[in-house]
Amino acid sequence: MKKEMGKDKLMTDVLYNDVRKIIEDARANAVRSVDFCRVQMYWNLGRRIFEEEQQGKERADYGTYLIKNLAHRLEPEYGSGFGVRQLKFCRQFYKTYPIGNTLRSQLNWSQYRRLIQIDDPDKREYYELESVNNAWTARETERQINSMLYERLLLSNDKESVLAVARKQRIPENPTEIIKDPMVLEFLGLHRESSYYEKDLESAIISHLTDFLLEMGKGFSFVARQKRILLEDNEFFADLVFYNRLLRCHIVIELKTGELTHQDLGQLQMYVNYYDRNEKLPYENPTIGILLCTAKNDTVVRMTLPEENKTILASEYQLYLPTSEQLIEEINEVRKMAQKKK
């Protein structure tokens, strides 16, 4: 009798979970459908405004007059969502995406409104594709644009390879195609002027794991925190361990709240060697180690590690969003160093 009751409960749980998934999927599809109808509405508004403007092209101020007059009549009837600013966005939306059937149903109006503010077509395409590929929310798309993900990837990659990955024309093969330097960790809520320890940084990352995985990039999954490594009678603890399904390898991360030293790199190399010799499966690639620090001396990194090193990376982190000027300055500096090497 008890066995039958247990089976009934198990069947009920399975049925409940299946039905719940059907309902949740239907609701999500309904929301996406409504969102895309909104996108199409704004595109059609932009198209109609643009066509009307073309008829009055002999008057330079006709477009401004047209939108103001239209907003004046629409707002009382349909609300503030049809004001001057929004109608200007609609017009820009149509001008940026003039072919209606290229619009992506996975993106909502908030995402498109942010995308059309990007002048560089390659940069805009990158964020459009990655928003779809990674199912980013509007908030996540906004955050990646504000943190200048595209520019940070260009610090260590050429534009063609970055776009090829976004277009799914190739799979990332090199860690630098995924792992960024610098990493922007403003979501941790740690103030740069405050003193804190590695354990505080680690706890903040665990508390904001979803955001950290988003910042880390494609294909990452969390494996362990304070991974215990026993070497004879000595205990060591690797701060964070992840796995990347695209690179097909473990990623060991050591956190430092100051400038890195050659001892830090040596310790991380030991963790990487341990994983390669004890954890790595035959079909997996060599383990990658990342030393996440507030500052680094590139010469110390270069002299400490072997010339052919491809598995130990030092990446700076910032607790605030960088300005465009800071990123441009850093990109120019990297380019100068690359030219000197040639």
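Here the structure is a predicted model, which is why all the values come from computation and not from measurement.

Things to note about the pairing of strand 5 (residues 288-293)
Here's step 1: Here strand 5 lies mainly inside the structure; six of its six residues are buried.
Here's step 2: Judged by which residues are buried, strand 5 turns out to be covered on both faces: I288, I290 and L292 on one side and G289, L291 and C293 on the other are all buried.
Here's step 3: Bridge count for strand 4 (residues 249-255) against strand 5 is five bridges, and the pairing is parallel. Bridging across to strand 5, I253 finds its partner in I290.
Here's step 4: This β-α-β element, strand 4 to helix 11 (residues 262-278) to strand 5, shows right-handed connectivity.

Considerations on the environment of V165
Here's step 1: If you trace the backbone, V165 turns up in helix 8 (residues 159-166).
Here's step 2: Residue V165 is classed as buried on the basis of its relative accessible area, which comes to 11%.
Here's step 3: Remark: the alpha-carbon pair of V165 and E177, spanning 12 residues in sequence, is separated by 8.7 Å.
Here's step 4: Ignoring any residue separated from it by four or fewer positions in sequence, one finds V165 in contact with R170, P172, E177 and K218.

Structural notes on the pattern of salt bridges
Here's step 1: All told, the structure shown has 15 salt bridges when counted by the stated rule.
Here's step 2: Close ionic contact of E53 with R91 constitutes a salt bridge, the shortest N to O distance being 2.4 Å. Note that E53 is positioned in helix 1 (residues 2-55) and R91 in helix 3 (residues 84-96), a separation of 38 residues in sequence. R91 matches E53 in its accessibility class, with the two residues each being buried.
Here's step 3: Ionic pairing is found between K218 and E130, a salt bridge with its closest N-O pair at 3.0 Å. One end of the pair, K218, is in the loop between helix 10 (209-216) and strand 2 (220-231); the other, E130, is in helix 5 (residues 121-133), and 88 residues separate them in sequence. Each member of the pair, K218 as well as E130, carries the same accessibility label: buried.
Here's step 4: Linked by salt bridges that have partners in common, R143, R152 and E215 make up one network.

Let's talk about the confidence of the model for the chain
Here's step 1: Per-residue confidence for the chain gives a mean pLDDT of 81, with 83% of residues at or over 70.
Here's step 2: Averaged over each element, pLDDT in the chain is lowest for helix 13 (residues 324-341) (59) and highest for helix 4 (residues 109-115) (95).

Topic: the nonpolar core
Here's step 1: Core analysis: the largest hydrophobic core is formed by 37 residues, its most contacted members being F93, L103, Y112, Y126 and Y127.
Here's step 2: Elements that contribute at least two residues to this core include exactly helix 1, helix 2 (62-78), helix 3, helix 4, helix 5, helix 7 (149-154) and helix 8.
Here's step 3: Residues contacting Y126, with those up to four places away along its chain left out, are L149, Y150, L153, V162, L163 and A166.
Here's step 4: Residues I179, L185, A204 and I290 belong to the second largest nonpolar core, which totals 24 residues.

What about the side chain of R152?
Here's step 1: Within the fold, R152 resides in helix 7.
Here's step 2: In terms of polar contacts, R152 uses its side chain to reach the backbone carbonyl oxygen of S147, at 2.9 Å.

Quick look at the packing of helix 5 against helix 8
Here's step 1: Across the interface, helix 5 lies against helix 8 with an axial gap of 9 Å and an inter-helix angle of 30°. Considering their axes alone, helix 5 and helix 8 lie roughly parallel with respect to each other. The handedness of the crossing between helix 5 and helix 8 is left-handed. On the side of helix 5, the interface is formed by D122, E125, Y126, L129, E130 and N133, while helix 8 contributes K159, V162, L163 and A166.
Here's step 2: Residues that form the contact of helix 5 with helix 8 fall into these classes: five nonpolar, one polar and four charged.

Structural notes on helix 5
Here's step 1: In this model, helix 5 (13 residues) spans 18 Å end to end at C-alpha, consistent with the 18 Å of a helix rising 1.5 Å per residue.
Here's step 2: Of all the positions in helix 5, only K123, R124, Y126, Y127, E128, L129, E130, S131 and V132 are classed as buried.
Here's step 3: Here the buried face of helix 5 lies against helix 3, helix 4, helix 6 (138-146), helix 7 and helix 8.
Here's step 4: Two to three positions downstream of the cap, the backbone nitrogen of D122 sits 2.9 Å from a side-chain oxygen, assigning the N-cap of helix 5 to D120.
Here's step 5: Just past helix 5, the residue A135 takes up positive phi, approximately 55°.

Structural notes on the packing of aromatic side chains
Here's step 1: The tally for this structure, following the rule as stated, stands at 16 aromatic pairs.
Here's step 2: Taken together, the ring pairs connect Y42, Y78, F82, F93, Y97, W109 and Y112 into an aromatic cluster.

What counts, and where the lines are drawn
Residues numbered from 1 in each chain as written. Predicted model: local features only at pLDDT ≥ 70, side-chain atom pairs only at ≥ 80, totals over all residues. Heavy atoms only, no water. Buried < 20%, exposed > 50% of the residue type's maximum accessible area, 1.4 Å probe, protein only. Helix = DSSP H or I, 4+ residues; strand = E, 2+ residues; numbered from the N terminus. Pairing = 2+ DSSP bridges. Right-handed = clockwise from strand over helix to strand, strands pointing away. Contact = heavy atoms within 4.5 Å. Salt bridge = Lys/Arg side-chain N within 4 Å of Asp/Glu carboxyl O. pLDDT = per-residue confidence, 0-100. Core = buried A, V, L, I, M, F, W, Y, C linked by side-chain atoms within 4.5 Å. Polar contact = N/O pair within 3.5 Å; in protein donor to acceptor, adjacent residues only side chain to side chain. Axes fitted to C-alpha atoms, helices over the stretch in contact; angles between N-to-C directions. Parallel < 35°, antiparallel > 145°, perpendicular 65-115°, else oblique. Left-handed = near helix turned anticlockwise from the far one by under 90°. Nonpolar A, V, L, I, M, F, W, Y, C, P; charged D, E, K, R; others polar. Expected span 1.5 Å × (residues − 1). Phe/Tyr/Trp six-rings, centres within 6.5 Å; stacked < 30°, edge-to-face > 60°.

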